[in-house]
Amino acid sequence: MELKKGERIDELHRNGYRIIQNTGKFCFGIDAVLLTGFAVVKEKETVLDLGTGTGIIPILLEAKTKGNHFTGLEIQEESVEMADRSVKLNCLEDKISIVKGDIKEAVKLFPLSSFDVITSNPPYMNNKNGIKNDLQPKSIARHEILCTLDDVIKNTASLLKVGGRFYMVHRPSRLPEIIITLKKYKLEPKRIRLVHPYIDKEPNMVLIESVRHGKPLLKVEPPLIVYESVGKYTDEIYDIYGYNQ
């Protein structure tokens, strides 16, 4: 596989899979990996990942689950092309499709109520002061420049089957807004897990499962602790990454 300037191939510690990344643009973070550990994909289910970036979530979910097919939607041409090469690098063309498109237009790209599972690691920051005209890949991935939380949830609700599951990772500071928006579009929060960098630190991520037209019943799971000490993950994090396999 020929790489472009600034690219590298990283091991994913699952099924021997690898991924192409560009260190100068945007590499996947721990949040995407944790989402693949939180999401449940059952046998023969179809999955859509909104804002797939490098394609990390579809690739890891294909490795970890028995899902039938995985689709990644991404608006940035360079990321689409790179993710598609990673799919081919792992010989997963029959299982994973990378589609170029806008999350805001997702309902025009796919049939309504057609996916069993939808995942998203969306931009966390909605304060666009000073970066409104910054279309760098890192800014687009981190700030709500090209899509908002409402855009992600609205399109998810239209594309999920009734009873389908939506998995998202976000910031705890926006949890009230997230829950209100989910319920606005008839996505009922069912599981929440807060992620803490250390056991004595405040959470900096939240993992959320919601069900389209689900009944109200929310389970708050035990916290997920990332680091046991500086530079050393907890056993659960090593398991999620696949290092303990």
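Residues numbered from 1 in each chain as written. Predicted model: local features only at pLDDT ≥ 70, side-chain atom pairs only at ≥ 80, totals over all residues. Heavy atoms only, no water.

### Focus on unusual backbone geometry
With phi around 55°, C91 is a residue other than glycine that occupies positive phi space. Relative to the helices and strands, C91 resides in the loop between α3 (77-89) and β5 (96-100). With phi around 65°, K186 is a residue other than glycine that occupies positive phi space. Among the structural elements, K186 can be located in the loop between α7 (175-184) and β8 (187-196). (Helix = DSSP H or I, 4+ residues; strand = E, 2+ residues; numbered from the N terminus.)

### Some remarks on the pattern of salt bridges
It is possible for side chains of opposite charge to pair when their charged atoms get near one another. In total, this model carries 17 salt bridges according to the counting rule given. Here R165 makes a salt bridge to E45, at a shortest N to O gap of 2.7 Å. Of this pair, R165 sits in strand β7 (residues 160-170) while E45 sits in the loop between α1 (30-38) and β3 (46-50), placing them 120 residues apart in sequence. The pair formed by R165 and E45 is uniform in burial state, with each residue classed as buried. Taking the shortest distance from any N to any O, the salt bridge between D102 and K104 comes out at 3.2 Å. For D102, a relative accessible area of 18% translates into the label buried. (Salt bridge = Lys/Arg side-chain N within 4 Å of Asp/Glu carboxyl O. Buried < 20%, exposed > 50% of the residue type's maximum accessible area, 1.4 Å probe, protein only.)

### Considerations on the side chain of R193
By secondary structure assignment, the location of R193 is in strand β8. Relative accessible area serves as the criterion here: at 14%, R193 is assigned to the buried category. From its side chain, R193 meets the backbone oxygen of P223 in a polar contact 3.5 Å long. Apart from the residues lying within four places of it in its own chain, the contact partners of R193 are F38, M205, V206, L207, E221, P222, P223, L224 and E236. (Polar contact = N/O pair within 3.5 Å; in protein donor to acceptor, adjacent residues only side chain to side chain. Contact = heavy atoms within 4.5 Å.)

### Looking at the pairing of strand β6 (residues 115-120)
Look at any regular strand and the pattern is simple: side chains alternate between the two faces of the sheet. The buried fraction of β6 is high, at six of six residues. Bridge analysis of β3 against β6 gives four bridges, and the strand direction is parallel. Note on β6: the bridge partner recorded for V47 is V117. Relative to β7, β6 runs parallel, the two being bridged by five bridges. The residue bridging S120 from the neighbouring strand is M168, located in β7. (Pairing = 2+ DSSP bridges.)

### Side note on the environment of R14
Residue position: R14 is located in the loop between β1 (7-11) and β2 (18-22). Taking the relative accessible area as the measure of exposure, R14 reaches 12% and is therefore buried. The spatial distance from the C-alpha of R14 to the C-alpha of A63 is 6.2 Å, given a sequence separation of 49 residues.

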